[in-house]
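Survey of secondary and tertiary structure
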Amino acid sequence: MTDKTPSPAKLTHFDPSGQAHMVDVGNKNDTHRIAVASGRIRMKPGTLALIQSGTAKKGDVLGIARIAAIMATKRTSDLIPLCHPLALTRVTVDFSIDEAGANITCNAQAETVGKTGVEMEALTAVQIGLLTIYDMCKAVDRGMVITDVRVMEKHGGKSGDWIAE
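Residues numbered from 1 in each chain as written. Predicted model: local features only at pLDDT ≥ 70, side-chain atom pairs only at ≥ 80, totals over all residues. Heavy atoms only, no water.

Here we come to unusual backbone geometry. Residues other than glycine seldom take positive phi values, yet Ala 102 does so here, at roughly 50°. With respect to the helices and strands, Ala 102 occurs in the loop between β2 (88-98) and β3 (103-114). Ala 102 gets classed as buried once you look at its relative accessible area, which sits at 6%. Despite not being glycine, Asp 148 has its phi angle at roughly 60°, a positive value. (Helix = DSSP H or I, 4+ residues; strand = E, 2+ residues; numbered from the N terminus. Buried < 20%, exposed > 50% of the residue type's maximum accessible area, 1.4 Å probe, protein only.)

Okay, the environment of Thr 47 next. The residue Thr 47 is located in helix α1 (residues 45-53) in this model. A relative accessible area of 2% places Thr 47 in the buried class. As a C-alpha pair, Thr 47 and Ala 102 span 55 residues in sequence and 8.4 Å in three-dimensional space. If we skip the residues at most four places from it in the chain, Thr 47 touches Cys 137, Val 140, Asp 141 and Met 144. (Contact = heavy atoms within 4.5 Å.)

Looking now at the side chain of Lys 154. For Lys 154, the position within the fold is in strand β4 (residues 145-155). One buried charge, Lys 154, has no salt-bridge partner; the nearest side chain with opposite charge is Glu 119, at 4.9 Å. A distance of 3.0 Å separates the side chain of Lys 154 from the side chain of Ser 159, its partner in a polar contact. A polar contact is formed between the side chain of Lys 154 and the backbone oxygen of Gly 160, at a distance of 2.7 Å. With near-sequence residues (within four places) excluded, Lys 154 lies in contact with Ile 34, Ala 35, Glu 119, Ser 159, Gly 160, Asp 161 and Trp 162. (Lys, Arg positive; Asp, Glu negative; His and termini not counted. Salt bridge = Lys/Arg side-chain N within 4 Å of Asp/Glu carboxyl O. Polar contact = N/O pair within 3.5 Å; in protein donor to acceptor, adjacent residues only side chain to side chain.)

As a packed pair, helix α2 (residues 61-73) and helix α4 (residues 119-137) sit with axes 7 Å apart at the nearest point and diverge in direction by 145°. Crossing geometry of α2 relative to α4 is assigned as right-handed. Here Val 61, Leu 62, Ile 64, Ala 65, Ala 68, Ala 69, Ala 72 and Thr 73 of α2 come into contact with α4, specifically with Glu 121, Thr 124, Ala 125, Ile 128, Gly 129, Thr 132, Ile 133, Met 136 and Cys 137. Split into classes, the residues belonging to the contact of α2 with α4 amount to twelve nonpolar, four polar and one charged. (Axes fitted to C-alpha atoms, helices over the stretch in contact; angles between N-to-C directions. Left-handed = near helix turned anticlockwise from the far one by under 90°. Nonpolar A, V, L, I, M, F, W, Y, C, P; charged D, E, K, R; others polar.)

Another aspect to go through is α1. Listed as buried for α1 are Thr 47, Leu 48 and Ile 51. Each buried residue of α1 lies within a common arc of 100° when the element is viewed along its axis, so the set occupies one face. Set apart from the buried face of α1 by more than 90 degrees, the exposed residues are Pro 45 and Gly 46. Contact partners of the buried residues in α1: α2, β2, β3 and α4. Looking at the residues trailing α1, positive phi occurs at Gly 54, about 75°. (Arc of directions from axis to C-beta.)

What follows is the structure in structure tokens.
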């Protein structure tokens, strides 16, 4: 697979004079587009146990984080200035717990049929899901660390499929 990452001279969010602009996607074809992103939050083992027990003071931490992540995908273009507003067709958010490592991984998948990709929506879902976990548990663990947030794969569009190594 070839790397189709644009060189710095070809960044798409700048016009020829170097001014920021929203990329024109008007001539692109509508295609089914999928992006998957992932990230992790590390915490104290006691914090993880509290989340797993469902007895956190603010309620079902992972359930609320899942809803927050899904809601965030719908607001991505409000948060990131040059993102296009998208009609999402599907968003999934899943959490997996690693007891030995005292961390939770968030995986998000965003889908649309449109002219531009959904990588930013998937990344936003992961970040907001993990931030929600932090917010709900900070009273017992301010040292939690959000890490390894990245796009894992994308499908659709002119550039086709890409999978992280």
